[in-house]
Amino acid sequence: MSVAAMTELLPEVEAFLSQSPFPSFVAGKNFPAASGQTVKTIDPGSGETIAEIHDLSAEEIDQAVQAASDAFPAWAGMSKEERASILLKLADAVEKHKPIIAQIEALDAGKIEAQAQGDVQNLVDTLRYFVELASQVETREKIDSPGFDAWKYRQPWGACAFIFPWNFPFLLIGWGVSPALAAGNTVIIKPAEDTSLSAIYLARLAKEVGVPDGVINVVTGRGATAGAALSANDQIKRMSFTGSPEVGRLVGEACGRNLVPVKLELGGKGAAVVFDDVDVAETAEKLVGAITFHTGQVCCDATRWLVHQDIYDEFAKECVKRMEAVQVGHPLDPNSQMGPVVNANQRSRVLGYLEKGQSEGAKCLCGGGEASVDGLQGNYVQPALLSGSLDNVAAREEIFGPVAYIATFESEEEAIAMANDTDYGLANSVWTKDEERANRVAEAMVAGNSWINAHNVFAQGVPYGGVNKSGVGGGVLSPETLMDYYRSTSVVRPLS
């Protein structure tokens, strides 16, 4: 059964997809690969090819960086008001086209359509947030230094490069490029080869609303060629990578050789510490909702559930009941509660970890296999809950699927030690009605983010980033992130 037979695509989406194969978009124009080579884009919900994207060479990536560099002086030279006006038009246009972009994103990334709509709105809100923040930045900031007239002078860096993963293609573009653009930088966006369509749509929309040519460039292709060339280019002024720790190391090494500042937003193996005073059913509902959101392909998710021994049996029972009730289906099916993982390799990874975890002694309380959806050959898996010792491979390594691992603790001190016993450090949560205990535990956990009685919380103005194997140089939705995209010069004049 084709996707078209099971759901009605918007005419604008059909028209967009009919333009395949898609070239990159550089300097305000379509930018095809000279080789003509392409990469297939597969709908993970059906297994069908929905489009092809051009696979750029390293030399073509360098041309895109040059285009962004050439566009920088005029963009940076605009007044804050003029730049803000253009970017707000882009935000308005994205919001207007939200149903179209969301359906493209659902088909491309396997997202439930309602969740994809939320991602699109998130970009809109993020862009508006950073435009407003940038309007308040003082170009010259007085420095109090006795005997000297001194100040800090701020200006944008230049061409900034971004490599984004396949789990949140559109939302992460908003998080990444919004502060860079608002500060007056130009950008080169390299989306994941699996999920490039929404980035291409955004670049074309930017052209329509009057974003100057070369300010927003989208380059497509394989990570090993196009992505590697972008991170190694010595003309970029800042680099941002979101993805796996393994690739993050390679990006960091390449940038280090060129002394280019780099932000690395990497993986996680978050813990949810659940004390015995919680509402068990409510907490189970929220954590199951978190692990099944976007099929568990969320780096900051809580995948280790550390539960007080006095409520373990009841809590596990409530979680199993909810996991077994999750409706798995195509992302464009309005009845679906969880879609597929992004590709066949990722499905094999999830199923492989389930097998390895059980071979090391973990008990599978529910799920743990492929899920079937009538008429579709998609990459579907069942939500799964494992239990056992935390030295198990499934409890220590990032699976990136709808798999949680549950274990018990007796005391607050033991719970903190268990939460911190990991190479990662992105996001944890603590669940309790005791406010003082919640604060203590949240502050004691080694991670960039600690949430209380909630998980996956992203509030404007609050820094977000990781430590240890989860990366360096976070920020995302805070004023500190915006300031990363200004370089500063200290100007000093002796008074005598």
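For the structure itself, consult the block above.
Just so you know, the residues in each chain are numbered from 1, in the order the chain's sequence is written. Whole-chain, interface and lining totals are the exception, using all residues; otherwise, since this is a predicted model, local features are given only for residues with pLDDT of at least 70 and side-chain atom pairs are given and counted only at 80 or more. As a rule here, side-chain values come from all non-hydrogen atoms in the structure, and water together with hydrogens is ignored.

Trainee: Explain the sheet that holds strand E16 (residues 403-409) to me, please; I cannot follow it from the model alone.
Mentor: Pairing between the strands of a sheet comes from backbone hydrogen bonds, and it takes one of two forms, parallel or antiparallel. Strand pairing follows a simple DSSP-based rule, namely that at least 2 bridges must link the two strands. By the criteria applied, helices consist of DSSP H or I runs no shorter than four residues and strands consist of E runs no shorter than two, each listed in order from the N terminus. Sheet architecture is open: seven strands sit in the order E14-E15-E16-E13-E12-E17-E18, paired in mixed fashion. If you trace the sheet from one side to the other, it starts and ends with strand E14 (363-366) and strand E18 (449-452), each paired once. This sheet shows a mean twist of 25 degrees between the axes of neighbouring strands, independent of strand direction. Strand direction decides the pairing type here: E14 and strand E15 (residues 384-387), joined by three bridges, are antiparallel. When the sheet's bridge partners are listed, Cys366 is paired in E15 with Leu385. Any pair of residues with heavy atoms lying within 4.5 Å of one another is described as a contacting pair. Angles run from 0 to 180 degrees between N-to-C directions of axes, and those axes are lines fitted to C-alpha atoms, restricted for helices to the stretch in contact. Here helix H11 (residues 280-292) sits on the sheet and contacts strand E12 (270-274), strand E13 (302-308), E16 and strand E17 (427-431); the angle it forms with E13, its principal contact strand, is near 160 degrees.

Trainee: Explanation requested: helix H13 (residues 344-359) in the structure shown.
Mentor: An α-helix turns once per 3.6 residues; consequently, residues spaced three or four apart project the same way. What a helix should span is 1.5 Å times the count of its residues minus one. In this model, H13 (16 residues) spans 22 Å end to end at C-alpha, consistent with the 22 Å of a helix rising 1.5 Å per residue. For H13, the full list of buried residues reads Gln346, Arg347, Val350, Tyr353, Leu354 and Gly357. When H13 is viewed along its axis, its buried side chains cluster within an angular range of 130 degrees and face the same direction. Among the exposed residues of H13, those oriented more than 90 degrees off its buried face are Asn345, Glu355 and Ser359. Looking at the packing, one finds that the buried side of H13 touches E15, helix H14 (393-396) and E16. For every residue, the accessible area obtained with a 1.4 Å probe (protein chains only) is divided by the maximum for its type, and the residue is called buried under 20%, exposed over 50%, and partly exposed between those limits. Directions pointing from the helix axis toward each C-beta atom define the arc.

Trainee: Just checking my understanding: could you explain the pattern of salt bridges for this structure?
Mentor: When the charged atoms of two side chains with opposite charge come close together, those side chains can pair. A pairing counts as a salt bridge when a side-chain nitrogen of Lys or Arg comes within 4 Å of a carboxyl oxygen of Asp or Glu. Evaluation of the coordinates by the stated rule reveals 15 salt bridges. Notably, a salt bridge pairs Asp421 with Arg396, separated by 3.4 Å at the nearest N-O pair. You can see Asp421 sitting in the loop between helix H15 (412-420) and E17 and its partner Arg396 sitting in helix H14, a full 25 residues away along the chain. Relative accessible area serves as the criterion here: at 44%, Asp421 is assigned to the partly exposed category. Residue Arg440 pairs with Glu412 through a salt bridge whose shortest N-O separation is 2.7 Å. Highlighted residues: Arg440 in helix H16 (residues 435-444) and Glu412 in helix H15, separated in sequence by 28 residues. One salt-bridge network, in which partners are shared between bridges, spans Glu285, Glu318, Lys321 and Arg322.

Trainee: I would appreciate a short explanation of a negative patch on the surface in the present structure.
Mentor: Judged by side-chain charge, Asp276, Asp310, Glu410 and Glu414 come together as a negatively charged surface patch. Here Glu414 lies in helix H15. Residues enter patches when they are more than 30% accessible in relative terms and free of salt bridges; like-charged ones are connected within 9 Å and nonpolar ones (Val, Leu, Ile, Met, Phe, Trp, Tyr) within 5 Å. Each accessible area is a Shrake-Rupley estimate made with a 1.4 Å probe; only the visible protein chains count as cover when residues are assessed. By the counting rule applied here, Lys and Arg register as positive and Asp and Glu as negative, while His and the ends of each chain are not counted. For the purpose of locating charges, the reference atoms are NZ of Lys, CZ of Arg, CG of Asp and CD of Glu.

Trainee: Is there a simple way to think about the pairing of strand E5 (residues 140-145) in this case?
Mentor: Two faces, one strand: in a regular strand the side chains alternate between the faces of the sheet. Little of E5 sits inside the fold, with zero of its six residues counted as buried. Where E5 lies against strand E6 (residues 148-156), six bridges are found, and the strand directions are antiparallel. Across the sheet, the residue bridging to Ile143 is Ala150, located in E6.

Trainee: For this particular structure, what's the right way to read the side chain of Glu412?
Mentor: Glu412 gets classed as buried once you look at its relative accessible area, which sits at 16%. Among the polar contacts listed, one links the side chain of Glu412 to the side chain of Arg440, at a separation of 2.7 Å. Contact partners of Glu412, with chain neighbours within four places excluded, come to Phe275, Arg437, Arg440 and Val441. Any N or O atom pair separated by 3.5 Å or less is treated as a polar contact, with the protein-specific requirement of one donor-capable and one acceptor-capable atom, and with residues adjacent in sequence counted only for side-chain atom pairs.

Trainee: Explain the packing of aromatic side chains to me, please; I cannot follow it from the model alone.
Mentor: Each pair of aromatic rings is reported with the distance of its centres and the angle of its planes. Pairing of aromatic side chains requires ring centres within 6.5 Å, counting the rings of Phe and Tyr and the six-membered ring of Trp. Pairs whose planes differ by under 30 degrees are stacked, by over 60 edge-to-face, and all others tilted. Scanning all chains against the criterion turns up 13 aromatic pairs. Ring plane angle 70 degrees and centroid distance 5.0 Å describe the contact between Tyr129 and Phe130, whose orientation is recorded as edge-to-face. Neither Tyr129 nor Phe130 differs from the other in exposure class; each is buried. For a ring to carry a charge above it, either NZ of a lysine or CZ of an arginine must fall within 6 Å of the ring centroid while also lying within 35 degrees of the normal to the ring plane. When the ring centre of Tyr485 is taken as origin, the NZ or CZ atom of Arg238, which lies over that ring, is 5.6 Å away.

Trainee: Explain the environment of Val393 here, please?
Mentor: Its place among the elements puts Val393 in helix H14. You can call Val393 buried: its relative accessible area is 11%. Between the C-alpha atom of Val393 and that of Asp313, which follows or precedes it by 80 residues, the distance is 23 Å.

Trainee: Any chance you could explain the nonpolar core here in plain terms?
Mentor: Across soluble globular proteins, nonpolar side chains show a tendency to be buried alongside one another. Residues belong to one nonpolar core when they are buried, are Ala, Val, Leu, Ile, Met, Phe, Trp, Tyr or Cys, and are joined through side-chain atoms within 4.5 Å. Counting residues in hydrophobic clusters, the biggest one holds 81 residues, and the most contacted among them are Val94, Leu197, Ile216 and Leu482. When sequence neighbours within four positions are dropped, the list of residues in contact with Ile216 reads Phe25, Leu90, Leu181, Val187, Ile189, Ala206 and Val211. In terms of nonpolar packing, the next biggest core, distinct from the first, is built from 28 residues, Phe275, Ala395, Val403 and Tyr405 among them.

Trainee: Honestly, the packing of helix H4 (residues 80-96) against helix H7 (residues 169-183) in this entry has me stumped. Any pointers?
Mentor: Helix packing geometry: the angle between the two helix axes and the distance between the axes. In contact at an axis separation of 10 Å, H4 and H7 are set at 165 degrees when each is read in the N-to-C sense. Judged by the inter-axis angle, H4 sits roughly antiparallel to H7. Considering the relative orientation of H4 and H7, their crossing is left-handed. Residue-level inspection shows Arg83, Leu87 and Val94 of H4 in contact with H7, the latter providing Phe170, Leu181, Ala182 and Ala183. Any residue that is not Ala, Val, Leu, Ile, Met, Phe, Trp, Tyr, Cys, Pro, Asp, Glu, Lys or Arg is counted as polar, Gly included; the first ten are nonpolar and the last four charged. Residue classes in the contact of H4 with H7 are distributed as six nonpolar, no polar and one charged. Every angle not falling under 35 degrees, over 145, or within 65 to 115 is termed oblique; those three ranges are roughly parallel, roughly antiparallel and roughly perpendicular. The handedness criterion is simple: a crossing whose near helix is rotated anticlockwise from the far helix by less than a right angle is left-handed, and one whose near helix is rotated clockwise is right-handed.

Trainee: Is there a simple way to explain the state of the cysteines in this structure?
Mentor: In a disulfide, the sulfur atoms of two cysteines are held together by a covalent bond. Disulfides are defined as pairs of cysteine sulfur atoms found within 2.5 Å of each other. This structure, assessed with the given rule, holds zero disulfides. In this structure Cys364 is a free cysteine whose sulfur lies 6.4 Å from that of Cys366, the closest cysteine sulfur available. Residue classification places Cys364 among the partly exposed residues on the basis of a relative accessible area of 24%.

Trainee: What should I look at first to understand the sheet that holds E5 in this one?
Mentor: Read across the sheet, three strands follow the order E5-E6-E20 without closing on themselves; strand pairing throughout is antiparallel. Edge positions in the sheet fall to E5 and strand E20 (486-494), since each has one partner strand and no second. Neighbour-to-neighbour, the strand axes of this sheet turn through a mean angle of 25 degrees, independent of strand direction. Strand direction decides the pairing type here: E6 and E20, joined by nine bridges, are antiparallel.

Worth remembering: the numbers are spatial, not functional.
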